[in-house]
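Breakdown of the fold
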Amino acid sequence: MTEHLFSRGHTACAGCGQALGARLVVDAAGRNCIITNNTGCLEVFSTGFPQSAWQVPWIHSLFENAAAVASGVEAALRYQGKLDKIKVIAQGGDGSTSDIGFGALSGMVERGHDVLYVCYDNEAYMNTGIQRSGLTPFDSNTTTSPPGKASFGNWRPKKPLPQIVAAHGAPYVATASVGFPRDVERKVKKALSIEGPKYIQLFVPCPLGWRHEARLTYEVARLVVETGLFPLVEFEDGELTRVRQIKPKPVEEYLKLQGRFSHLFRDEAGKAEIAKIQTIADANIKRFGLVAEKKEKAKESKKQEKASKS
Amino acid sequence: MKEFLEGSRTVARTVRLCRPGVIAAYPITPQTHIVEDLAQMVADGELDSQFINVESEHSAASVVLGAVAAGVRAFSATSSQGLLLMAEVIFNIAGMRLPLVIVNANRAVSAPINIWNDHQDSVTVRDAGILQFYAENNQEVADLVLLAYRVGEDPKISLPALVCMDGYILTHGHEVVDIPEQKQVDKFLPEFQPVVKLDPENPETMGYLGTPEIYMETRYALQETMLEALEVITSASQEFERIFGRALPPFYEAYKLEDAERAIVAMGSVAGTIKEVVDEMRQEGQKVGLLKLITYRPFPADALYEALENVPEIAVLEKAISMGAFGPVYTDLKASFQGKEAAPKISGFVIGLGGRDVSKDSIRRVFEELRGPQTPAKFMDVKTELVTA
Ligand SMILES: Cc1ncc(C[n+]2csc(CCOP(=O)(O)OP(=O)(O)O)c2C)c(N)n1
Ligand SMILES: [Mg+2]
């Protein structure tokens, strides 16, 4: 049995996608790395003194500064001439990354630090009890974006963070999901083989916050990709270079598994909202070419052929 | 070597001698000359250091935090709003026991926005667990930077330090200063040996979650260490004099205090003006004196008691106030005398906020006020006609 670098001594909930994701990331990175971690569920459940789940050097400072602390660690390693041997990874939740720590992330990327930043995207501030963040999806029910007579929940779509980081000119930006573990490993390894600032946004379901069964983590993490709601993409030097192609499933299949969307399944008005969410998925499919064009075109022309014959 | 230098340049030259491997800072008046000088030294290859241009002071403090955690000596400088933005990180650096030095160019805090000198910025972070030193002149700033690294990096202490210099008055003022030789500094300040560091060969977890079962002990340990630092500051100041051949009193400087009937306690450059007034009043036959407080955190309560116990009337002159209460040094000094045998009359005066000139005349009036009833927080030189009800 291989020894994991994120292992015993953590207290994550059953089915926690973030714990799964952290293990994938650090195992792919290997022993020779230093991790800086924002405040959030991952930090709390992995380092309750004196227990630590981390078998690599790891530091938590504050909620919003892992990217800046990592910049300092990187600068120190550069000064010591050790940067060729030791990789630096900064990590944080979606809230710390997209909102309060966004400036620090932007600064780290703009300055070109040789750091991989991993955003564990569970689509809300989970550690403080499921509040809305800039990466909470449209119509999601959180404690600060509750649905009610005058609302369907979160009124904004997710901030397009991967594109924003890519637009900084980062040499490598990718999205990944714990529903595709081999893909996560590949992307982490690829990122760490590239010099400069890298960003991976890793989709990690939260059974407690999303109100889905703990055993469904993997399925939810696959469906989000297969519906087109969380496209798996890679940008190199700001250009889209690779996408995971899908055979799109309707968004209902993904939404219906989760309590955070259950208010959309009650009436006609909810149906209309689901149609809006489908539009978001469709736009992603189009924007990133998630459905193989050739096949699509072939299908289209076959359809047309059929139509003209009949 | 003696040179005629601007205060900021004096700091930069001294910091270079300390060989920091990482420097991170963000522009803010009147601190900026310090880091501009350091950036130029790095650009000219005169200083082997990673100079990180951050996007905020919060990140400046976080970058040096990360650097020290990785085992490298680090430096930052800031002022006013920048220091307040760093405050969250400063508490964290202290709690994690990471030694580093920040120079603060003392400046008023907003609102109203004001770029001139007072001490409100640095006294506001007094509770963090960061050592705090205040300089009267630029020689003292330079000497305190060396002392701060030495004390903070002592493995028994392992704490950050804030060296405070009055904005504009010192940062932009030119003085003749004695910049030491590299050899001397290397002797006083050996290579940084971190107590813990981030290293894959020996993977440590830093910044644990501290539950109620252990949090209190870590805070207690921090307080104990702060008090222990008093001894380390004393021995470091002796070592300083041995190596550099110049005295650097550990906690305070007593000026004509021995037989004083009235004394002012103050921090920073205002001590220079007070000394002049003391000299003048002494010539007039008035027994007045000054205690210039250098070490504000840890607060040298016992030493101050001993120094002041025979002075019947004491004025604490401060460029800061805890709004709704008193001046911070006044409060600490009163506490130091509480329940003790000697019970001098201690009054508090607030002066020179936001760059308001502190004239010799104002100082004289403070000495005169001491003859009257005790005052806890009297604002000096306020133009009452400008304050509408
Ligand atoms: C400056 C500051 N503001 C707020 C908090 C409170 N806080 C701690 S963790 C957290 C939520 C974390 O959310 P996210 O970054 O998404 O990570 P998750 O817990 O969901 O994994 C919040 C709001 C804090 N620790 N510091
Ligand atoms: Mg989250």
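Residues numbered from 1 in each chain as written. Chains lettered and ligands numbered in written order. Predicted model: local features only at pLDDT ≥ 70, side-chain atom pairs only at ≥ 80, totals over all residues. Heavy atoms only, no water.

A separate point is the domain arrangement of chain B. All names here are of chain B. As far as domains go, chain B holds domain 1 (2-244) and domain 2 (253-386). Both faces combined, the contact of domain 1 with domain 2 buries some 2,000 Å², and carbon together with sulfur accounts for 57% of it. Linking domain 1 with domain 2 are three salt bridges, by the criterion used here. Between Glu136 and Lys275 there is a salt bridge, with its nearest N and O atoms 2.8 Å apart. Where the side of domain 1 that touches domain 2 is concerned, the elements lending two or more residues are helix H5 (120-123), strand E6 (131-134), helix H6 (138-153) and helix H8 (215-244). (Domains from an automatic or database assignment. Buried area = accessible area lost by both parts, 1.4 Å probe. Salt bridge = Lys/Arg side-chain N within 4 Å of Asp/Glu carboxyl O. Helix = DSSP H or I, 4+ residues; strand = E, 2+ residues; numbered from the N terminus.)

Our focus in this paragraph is helix H4 (residues 80-95) of chain B. Residue pairs spaced three or four apart in an α-helix point in one direction, given the helix's 3.6 residues per turn. Residues and elements named next belong to chain B. An ideal rise of 1.5 Å per residue puts 22 Å on 16 residues; H4 measures up with 22 Å between its terminal C-alpha atoms. Ala87 marks where H4 bends most, by close to 50°. Turning to H4, its buried residues number three or more, namely Ser80, Gly82, Leu83, Met86, Ala87, Val89, Ile90, Asn92, Ile93 and Ala94. Immediately downstream of H4, the backbone of Arg97 shows phi near 60°, a positive value. (Expected span 1.5 Å × (residues − 1). Bend = angle between axes of the 7 residues up to and from the residue. Buried < 20%, exposed > 50% of the residue type's maximum accessible area, 1.4 Å probe, protein only.)

Residue-level contacts link 37 residues of chain B with 40 residues of chain A. Taken together, both faces of the contact between chain B and chain A bury some 2,900 Å²; the carbon and sulfur share is 65%. Considering only the side of chain B, the residues that lose the most area to chain A are Pro200, Tyr208 and Leu209 of chain B, jointly responsible for 20% of the buried surface there. Our enumeration of links across chain B and chain A arrives at one salt bridge. (Contact = heavy atoms within 4.5 Å.)

Counting buried positions over the 10 residues of helix H11 (residues 328-337) of chain B gives seven, a clear majority of the element. Positioned one or two residues after H11 of chain B, Gly339 of chain B has a phi angle of 75°, which is positive.

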